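Residue-level structure breakdown
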Amino acid sequence: MKSRLTIIAALTSIPLFLTGCSTGGSDEGSIKLEFQTGRLASDAIQEKLVSLAKSYEETHKGVSIDVIPATQTYEADMKVRLAANDMPDMWGTHGWSLLRYSEFLEPLNNRSWAKDMNPALDTAMKNEKGEFFALPVDTDVSGILYNADVLKANSIDPTSIDTISDFEAAAKTLKSAGITPITSSGKDNWFAGNLTDWLAPGAFTDTELASMSKGTFQSEPYTTVLQKIADWKKDGFFNADYSAATTDDIATALATGKTAFVFMQNNLVTNALTFNPDAKLGYMPVPAINGSSKYLIGGEGLAAFGVAKSSPDKDAALDFIDFLAEPANESALATAAAGIPGLTTATTDLAGLTSSYDEFVASDNYPLVPYFDRVYLPNGMWNTVVSTTDSIISGQANPKDAVSQVQKDFASLYGQNK
Amino acid sequence: MATSPRTQKSWRINLLYLPAIILFAIFTVYPLINGANLSLTNWNGYSADRSFVGLDNYLRLFTDEVFRTSLINTFIYGFGSTLIQQILGLALAVALDRALRGRNVARAIIYLPVLVSPVVMGTMYYLLFNFNNGAFNDIVVALGGERIAWLGDSGSAIAIIVTVNSLQFVGVSMIIYLAGLQSIPGELYEASTLDGATGWKQFRAITVPMLQPAFATSIVLNLIGGLKLFDIIKVLTGGGPGYSTNSVSTLIGQTYFENQSAGYASAMGIALFFIIAVFTLLLNTALNRRRLDLS
Amino acid sequence: MITTKTPIRNAIIGVGLVIVIGMQLLPFYVALTTSLKPKTDLSSQWVFPFGNIYWENFATAIGDGNILRAIANSAIVTIGSTLLICLLGALAAYPLARRNTTGNKLVLLSIVGLIMVPPLSILVPLYTMLTQMGAVNTYWGTILVMTASQLPLSIFLYTAFMRGLPLSVEEAATVDGASTIQLLFRVVFPMLKPVTATVMILTSVTVWNEYALSVFILRSPEMRTIAPSIGAFFSTQNSNLGAAAAAALIAVVPVLIIYLALQRYFIKGMVAGSEK
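Residues numbered from 1 in each chain as written. Chains lettered and ligands numbered in written order. Predicted model: local features only at pLDDT ≥ 70, side-chain atom pairs only at ≥ 80, totals over all residues.

1. Quick notes on the overall build of chain B
Within chain B, the regular secondary structure consists of 13 helices and zero strands. Listing the helices and strands of chain B from first to last along the sequence gives α-α-α-α-α-α-α-α-α-α-α-α-α. Taking the principal axes of the C-alpha coordinates as reference, chain B spans close to 75 × 75 × 30 Å. A total of 295 residues make up chain B; the buried ones form 57% of that total. Counted over contacts in chain B with a minimum sequence separation of 6, partners at least 24 positions apart contribute 69%. (Helix = DSSP H or I, 4+ residues; strand = E, 2+ residues; numbered from the N terminus. Buried ≥ 20, exposed ≤ 12 C-beta atoms within 10 Å, placed from the backbone. Contact = placed C-beta atoms within 7 Å.)

2. Remarks on the overall build of chain C
When its secondary structure is counted, chain C shows 12 helices and zero strands. In terms of overall dimensions, chain C has C-alpha extents of about 75 × 65 × 30 Å along its principal axes. When the 276 residues of chain C are sorted by exposure, 55% land in the buried category. For chain C, restricting intrachain contacts to residue pairs at least 6 apart in sequence, the fraction spanning at least 24 positions comes to 75%.

3. Side note on the environment of Asn85(A)
Along the chain, Asn85(A) turns up in the loop between helix H3 (74–83) and strand E3 (90–92). Sequence separation of Asn85(A) and Asn398(A) is 313 residues, and the distance between their C-alpha atoms is 42 Å.

4. Things to note about the sheet that holds strand E5 (residues 138–142) of chain A
All names here are of chain A. Strand order in the open sheet formed by four strands is E12-E5-E10-E13, and the pairing between neighbours is mixed. Of all strands in the sheet, those bounded by a partner on one side alone are strand E12 (340–341) and strand E13 (368–370). In terms of strand pairing, E5 meets strand E10 (residues 296–300) through four bridges, oriented antiparallel. If you follow Val-141 over to E10, its bridge partner there is Gly-298. (Pairing = 2+ DSSP bridges.)

5. A word on the interface of chain C and chain B
One frequently used descriptor of interface size is the decrease in accessible area upon assembly of the parts. At the junction of the two partners, chain C supplies 85 residues and chain B supplies 83 residues. No other element matches helix H12 (residues 241–274) of chain C, which puts 15 residues into the side of chain C that touches chain B. Grouping the constituent residues of the side of chain C that touches chain B by class yields 59 nonpolar, 18 polar and eight charged. (Nonpolar A, V, L, I, M, F, W, Y, C, P; charged D, E, K, R; others polar.)

6. Quick notes on the nonpolar core
Ranked by internal contacts, the top residues of the largest apolar core, which has 309 residues, are Leu145(A), Ala247(C) and Ala248(C). For this core, the leading source of residues is helix H7 (residues 154–182) of chain B, giving 17 residues. In this view, Leu145(A) contacts Leu254(A), Phe261(A), Val262(A), Met264(A), Leu268(A), Val269(A), Leu281(A) and Tyr283(A); residues no more than four positions away in its chain are not counted. (Core = buried A, V, L, I, M, F, W, Y, C linked by C-beta atoms within 7 Å.)

7. Examining the interface of chain B and chain A
If you look at the interface, chain B gives 35 residues, while chain A gives 37 residues. Elements supplying a minimum of two residues to the side of chain B that touches chain A: helix H1 (18–38) and helix H12 (248–258) of chain B. At five residues, H1(B) tops the list of elements feeding residues into the side of chain B that touches chain A. Among the residues making up the side of chain B that touches chain A, the classes are represented as 16 nonpolar, 16 polar and three charged.

8. A look at the pairing of strand E11 (residues 304–307) of chain A
Along any regular strand, the residues point their side chains to alternate faces of the sheet. Residues and elements named next belong to chain A. Neither face of E11 is exposed, since Ala-304 and Gly-306 on one face and Phe-305 and Val-307 on the opposite face are all buried. Summarising the sheet, E3 and E11 pair through three bridges and their orientation is antiparallel. Counted as the bridge partner of Trp-91 is Gly-306 from E11.

9. Remarks on the sheet that holds strand E9 (residues 281–284) of chain A
All names here are of chain A. Pairing is mixed in the open sheet, where four strands are placed in the order E7-E8-E6-E9. The open sheet has two free edges, formed respectively by strand E7 (180–182) and E9, since each of these has just one partner strand. Each strand axis lies, on average, 25 degrees off the axis of its neighbour in the sheet, ignoring direction. Pairing of strand E6 (residues 144–147) with E9 involves four bridges; the strand directions are antiparallel. Bridging across to E9, Ile-144 finds its partner in Met-284. (Axes fitted to C-alpha atoms, helices over the stretch in contact; angles between N-to-C directions.)

10. Things to note about the environment of Asn165(B)
Residue placement: Asn165(B) occurs in helix H7. Sequence-distant contacts of Asn165(B), that is, excluding residues within four places in its chain, are made with Tyr77(B), Ser81(B), Gly226(B), Leu229(B) and Ile232(B).

11. Structural notes on the packing of H1(B) against helix H3 (residues 67–98) of chain C
With their axes 8 Å apart at the nearest point, H1(B) and H3(C) run at an angle of 115 degrees to one another. Contact residues: H1(B) offers Pro19(B), Ala20(B) and Leu23(B), while H3(C) offers Leu88(C), Leu91(C) and Ala92(C). Across the contact of H1(B) with H3(C), the residue classes tally to six nonpolar, no polar and no charged.

12. Looking at the confidence of the model for chain C
Residues and elements named next belong to chain C. Of the residues in chain C, 93% reach a pLDDT of 70 or more, and the chain-wide mean stands at 84. Mean pLDDT across the elements of chain C ranges from a minimum in H12, with 78, to a maximum in H3, with 93. In the predicted complex, the global pTM is 0.84; the interface-specific ipTM is 0.84. (pLDDT = per-residue confidence, 0-100.)

13. Let's talk about the packing of helix H4 (residues 103–111) of chain B against helix H1 (residues 7–35) of chain C
Put simply, H4(B) and H1(C) touch, their axes get as near as 8 Å, and they point 45 degrees apart. It follows that H4(B) is oblique to H1(C) by the angle criterion. Like other packed secondary-structure pairs, H4(B) and H1(C) cross with a definite hand, here left-handed. When H4(B) is examined against H1(C), the residues Ala106(B), Ile109(B) and Ile110(B) are found in contact with a partner set consisting of Leu17(C), Val20(C), Ile21(C), Gln24(C) and Leu25(C). Here the residues of the contact of H4(B) with H1(C) sort into seven nonpolar, one polar and no charged. (Parallel < 35°, antiparallel > 145°, perpendicular 65-115°, else oblique. Left-handed = near helix turned anticlockwise from the far one by under 90°.)

14. Some points on the environment of Gly240(B)
Examined against the element boundaries, Gly240(B) turns out to sit in the loop between helix H11 (231–236) and H12. Note: C-alpha distance between Gly240(B) and Gly269(B) (29 residues apart in sequence) is 20 Å. Leave out the neighbours within four places in its chain, and Gly240(B) touches Gly186(A), Ser387(A), Asp390(A), Ser394(A) and Thr245(B).

15. Describing the confidence of the model for chain B
With 93% of its residues at a pLDDT of at least 70, chain B reaches an overall mean of 85. The low-confidence segment residues 1–7 of chain B, where pLDDT is below 50, has seven contacts with residues more than four positions distant or belonging to other chains.

16. Some thoughts on the pairing of E10(A)
Residue and element names in this part refer to chain A. When you tally the buried positions in E10, you get five out of five residues, the bulk of the element. Here E10 runs beside E13; their pairing, made up of three bridges, is parallel. In the sheet register, Leu-296 faces E13, and the bridge partner there is Leu-368.

17. Brief notes about unusual backbone geometry
All names here are of chain A. The phi dihedral of Asn-85 is positive, around 55 degrees, even though this residue is not glycine. In the Ramachandran plot, His-94 falls in the positive-phi region, its phi being about 35 degrees despite a non-glycine side chain. Tracing the chain through its elements places His-94 in the loop between E3 and helix H4 (122–125). Residue class for His-94 comes out buried when judged on the 21 C-beta atoms lying within 10 Å of it.

What follows is the structure, given as structure tokens:
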């Protein structure tokens, strides 16, 4: 009887022990590359990547590329896989090739196309040794998005909004005309945080920024930013559906002229045009709160792709990245991203945004500043930036309390990252 | 329950729980201990770097207002939903225990949301509460009102989360109480009717005491569900406005992945585990001494 | 039961029931109207698109969303886990119910404590271990993880139930010379049917709908279970709510059919589960 009990215990334990013994086999002779693009399935860049991978496979027998679109929780998925040392061979770095992923990525500065990288990307993507870790599809240059028809109908000229009071005067005019001046959202992660991220560079002096980088939080200029947002809230500049608006809602509002301004990257335009293909949209530099020159914000684009340092098929993966970097392919991808190409060898169609590009970017009159949170706040602060800004707009906190929350997280994350 | 010496089993029958213990050791305890180790570090959640920071993360919990708010919310979600589920579940059980046409259909409909993933349930309610095109605001507008930002205020958002969770799982309490009601011998009611007791009096004198074991099961199940609430909050409010509707579980998610403070998030997880374990055990002991002597 | 039957009371109860039933059906109705309209249709959610039904969302859910495959995946994981949860739970509960030593009380206490482990606290160490085992994207990996997560509840319910069973039957069998194994399979297990129904009801639905861990463990598109597949519509189709609603409605059909078929046993099982 004793032995039977033992047998039962053992039998029911077998599946548990089996776990230790099984290992997945792989086909010899063929290379299978996993490519996590970080782009959504219906996205234009994703579709382009799928077709490029297909044509690459045709000329490279024995290589198959699994082009996998992002899930809802792409960033968390990637973090879990990095932590488990289970990385895909290639993945999309969505703005973080240097600050988050460089530890795991193969440097690409020796590739033949490296010299063609758009110099505007240097500060965002290169480390002090001049290394960079991803092939940039596009260069991100953003300002405040506007609906040109709405501004025109209210006699507002975006090129002459130079100061923050010009901007506020325009907002008042729009409000009295029954148009929502600024549309944002507490539901979608990006929009609320962007307000702070867009305004902050114009509130800090260079000295203040330098001490932020050294780990000393500057609460005074940060309070100025949140106070400005609180004032705008009080003046009724924000949309009534602030707490619930989704990206689609905001894109629709911008495209149909229900709102005039959105603080968002230019990719919203592609989305907006699906709701109203005739909309005239543009972007303008951000006026500085402290009265210095208005500026544009830029950095690593929407799409950039790196190769895992630890990939067993690193050479194959690098070869595929080189293939994507060929001018024709890079141009096709940049066009899908509706952005300025990441390589100077490529050309692109900027859709409806050409006039803004010519006016504000090509003219080179306005400084291009980096994303405030990525450069001056420690890695991991974005969530704090979003939640504290959201608590101001939704009336859950006053600027002083919100800033002290930011300061606390700044201190703990700065310590953690050093 | 007293065990007579004759049936006191030999230690060898303990072998029967060995498979379960092995499974827990591999898939729960080992990762949990690893997680507890992380709580003593400042790990960012993905990098190879991490350093030991002692109990710093735990000390930080005491001064963190966001954590405190989330802990309070967790208890509101847990106890609020449990309370509503008991009252509504019992009422439904009593109503649907009677001979009623269509009662099986009614029971099935009330149980239906239990069968749906909370992520989906949350999304369906998100549609209802949507500002621009939501079904509820359509009614408000039709009645001549201004659209309401249902989820824009922490108070109403918390109330909505509690209600949605309660409605989704009220079917579980209802079924447990129905079962309890059916196990009460009919003679008890007949006898008391002969004694002149009716309606409410019978309910208090017979139904409630006889349902005591059902209360225990239902309360414990609902409480665990409410205290661990995650998906519905994530879908309905994402923890906002600000930080105001986070539960500790959603705050852990944010802290871990978005704030990149895996060490601190692990400390929250361990703290939550102990807080809930202690509460549930106290409650279980209080409710259920007769039934499962754990202490 | 409650004996007074006045028409007024019945009317109040009736109205109350109708309200609750209406509230429970409302989200499903809205999901239905949403799933039968194109994304660009901005008519009220209350309006049912009679004569103008748009089936495209269902096609998307089945085609791009691969929801039928997801249902099959969920079925495999749920059946496998539920069997293990019941078997291992019943085996483990027997010594915990019948050998009341301090050690066993502590074991039970610790097991019940495991119910409270938040999934996110173990996610990263668990995932790391599963990758090393080669268990990512496998059914058995998910089944074992799901079993481990639901087993504490199962052991808790089985133990409670076994303690309520009369000892006399087992004693009689022991006197007749039955071994422990014979005792278990011939005497004890047959008495466990009602509580087994309860355990199955409670745990299988949880496993069927599990999201937090399965989304990581079964991550390749062809291995995905239901909840992550529906979740994918909020991103991969650029928040395609119509398709998400359609997928959710398709996914509820199999469970609903099983529920309706088993409704009687559901309640019987619960009776047993909540007795003593």
